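Working through the structure, step by step
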Amino acid sequence: MPFDVRATSNAQEFADAVYAIGQYFGGPLTEERVERFKQFLPFERMHAAWEDGEIVGGAGAFPFLMSVPGGEIACAGVTVVGVHPTHRRRGVLRSMMDEQLRDIHERKEPIAALWASEETIYGRFGYGLAAWCGEIKLARTWTAYAQPLDRRGRVRFVTSEEAARIFPDIWEALMRERPGVYRRSEAWWTLRTLRMPDEEAANPKRFAMLDIDGEPQAYAIYRQFPQFESGSSAARLQAIEVVGATPQATAEIWRFVLDIDWYATLEASLLPPDHSLFTLLATPRRAQFRMGDSLWVRLVDVGAALSGRAYAKDDRLVFEVRDAVCPWNEGRWKLEGGEAARTDDAADLALDVGALGAAYLGAVSFAQLRDGLRLEALTDGAVERADAVFGWRPLPWCPEIF
Ligand SMILES: CC(C)(COP(=O)(O)OP(=O)(O)OC[C@H]1O[C@@H](n2cnc3c(N)ncnc32)[C@H](O)[C@@H]1OP(=O)(O)O)[C@@H](O)C(=O)NCCC(=O)NCCS
């Protein structure tokens, strides 16, 4: 390995390693920020690359439990990846990715997932683009629903302390409904999701909760940015996280958000393409949905990963997997009865581990991968059979960049 890479073991190493990404944004870590950040990212999950005793790069991995089709699985949430601009394109990232993947494998986390700053970086390490999301910009004039809404619930503001008690159960419902959601620890809720940083004091987060028959069923976290142009409001309303446990609750909490007075444009991002808002709205075109990539998924242990999700249908499929970075995955894997195992049988599909990662959450089809020249079909009908097995609805949704 050209660079010495190992996990950090104290607060100073941790801060220096995280500061590799701070070279690009965020600034140096203060003691208070290290204290907070280490609540979600233990020292041993933060890798650093050293040259001549100096840290020149860092890569972290949150120990997540993430929802996948029909269940949940241990997942390394790869984060704060950065290399000092003085050391770029000399193999620092590659050294860190090799070591991090080896470590994830040893920890028996079958998959890794990340949000990529650029699409060009992670494919070479076996990550595949596995989920899509998008942002909307909706003028207040265009927020009517297509059908009348029968409101059954009541919305009220809650404090961050109440939110910390109430919101996690609603998030859990989302986790059961969709792949791509990770469980948030208590510290994550209080120190990340609900925290009000000083720099946001002028436009604080507001927390609203909807209950139906006394049961909390949906919440909204949003911020307002007042502004006037030529005497009229040009305010923005930023919907940070709006989640409902049921379709009715989702429709009602979004109605509440859309009806807030005085904003001119509502902005929301990270929404899945099949979000019910697009069928609730009378004029979804006006939301100007712009789609981009969401989670990239890496099968770190192909067998455990494939056995760790549910499937829409049972069939017998054999994959010939290429994996230049994690050689333990190389070779033929048979999926049958929801279980994956090594096999010598002839393969139906040959593909890179990144293509299999792309299909893993059920959002990207094998037909798309074939048409994008990402796989070879070796038996007749293999692509169609694989799609019938892997396809999953609803689509994955990861409502937060980590
Ligand atoms: C992205 C980043 C971590 C790459 O680090 P690096 O040490 O320069 O990468 P390496 O030298 O190990 O490169 C490994 C390979 O990836 C390629 N690569 C690295 N960064 C790339 C980029 N941004 N775009 C395209 N290719 C890239 C290299 O060309 C090299 O290719 P090769 O294997 O074919 O030779 C670094 O540029 C960085 O810190 N960028 C800013 C922060 C950032 O974007 N972090 C990612 C957060 S998700």
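Preceding this paragraph is the structure being described.
Presented here is an overview of the structure given in this document. Here the residue index of a chain counts from 1 through its sequence in written order. Local features in this predicted model are restricted to residues of pLDDT 70 or higher, and side-chain atom pairs are both shown and tallied only at a pLDDT of 80 or more, whereas totals for entire chains, interfaces and linings draw on every residue. Excluded from the side-chain calculation are hydrogens and water; included are all heavy atoms of the structure.

1. Description of the site of the ligand
Taken together, 19 residues form the shell around the ligand, and within it Val81, Arg89, Gly91, Arg94 and Ser117 come nearest. The side chain of tyrosine 24 places a nitrogen or oxygen atom 3.5 Å from an oxygen atom of the ligand. N or O atoms within 3.5 Å of each other form a polar contact, as long as, within protein, one can give a hydrogen and the other can take it, and as long as residues adjacent in sequence are counted only when both atoms are side-chain atoms. In the environment of the ligand, a nitrogen atom lies 3.0 Å from a nitrogen or oxygen atom belonging to the side chain of threonine 120. Protein chains bury 75% of the 900 Å² of accessible surface belonging to the ligand in isolation. Only DSSP runs of H or I covering at least 4 residues are called helices, and only runs of E covering at least 2 are called strands; the numbering of each starts at the N terminus. Within the residue set of the shell around the ligand, elements represented by two or more residues are β4 (71-83) and α3 (92-106). When its residues are assigned to classes, the shell around the ligand shows 9 nonpolar, 4 polar and 6 charged. The nearness test applies per residue and asks whether one of its heavy atoms lies within 4 Å of the molecule or strand. Here, Shrake-Rupley sampling with a 1.4 Å probe gives the accessible areas, and only protein chains in the shown set may cover a residue. Three classes are used, and their members are as follows: Ala, Val, Leu, Ile, Met, Phe, Trp, Tyr, Cys and Pro are nonpolar, Asp, Glu, Lys and Arg are charged, and the others, Gly among them, are polar.

2. Details of unusual backbone geometry
Cis geometry marks the peptide bond from arginine 393 to proline 394, where omega comes out at 0°. Among the secondary structure elements, proline 394 is positioned in the segment after α11 (382-390). Even without a glycine there, the phi angle at glutamine 288 is positive, about 50°. In this scheme, a residue with accessible area under 20% of its type's maximum is buried, one over 50% is exposed, and one in between is partly exposed, where area comes from a 1.4 Å probe on protein chains only. Residue glutamine 288 is classed as exposed on the basis of its relative accessible area of 53%. One non-glycine residue with positive phi stands out, namely leucine 373, at about 60°. Within the fold, leucine 373 resides in the loop between α10 (366-371) and β21 (375-377). For leucine 373, a relative accessible area of 77% puts it in the exposed group.

3. Regarding α3
Helix length check: α3, at 15 residues, gives a terminal C-alpha distance of 21 Å against a target of 21 Å (1.5 Å per residue), a fit within 8%. Every buried residue of α3 is accounted for by Val92, Leu93, Ser95, Met96, Met97, Glu99, Gln100, Leu101, Asp103 and Ile104. Residues of α3 that are buried in the fold lie against β1 (4-7), β2 (46-51), β3 (54-68), β4, β5 (111-114) and β16 (296-299). Lysine 108, located one to two residues past α3, shows a positive phi value of around 65°. To estimate the expected span of a helix, count its residues, drop one, and scale the result by 1.5 Å. Two residues form a contact once any of their heavy atoms are found within 4.5 Å.

4. A look at the sheet that holds strand β13 (residues 235-244)
Strand order across the open sheet formed by 7 strands is β8-β9-β10-β13-β14-β7-β15, with mixed pairing between neighbours. Since the sheet does not close on itself, it has two edges, and those belong to β8 (153-157) and β15 (290-293), each with one partner. Within the sheet, the average angular offset between the axes of one strand and its neighbour, ignoring direction, is 25°. Any two strands between which DSSP finds at least two bridges are classified as paired. Sheet topology note: the strand β7 (residues 132-139)/strand β14 (residues 263-271) ladder contains 5 bridges and is antiparallel. Each bridged residue has a counterpart across the sheet, and for leucine 138 the counterpart in β14 is leucine 266. Lying on the sheet, helix α4 (residues 160-177) is in contact with β8, β9 (206-212), β10 (215-225) and β13; it crosses β10 at an angle near 115°. Note on geometry: axes are C-alpha line fits, over the in-contact stretch for helices, and angles between N-to-C directions span 0 to 180 degrees.

In short, the description is geometric, and any link to function would need to be established separately.
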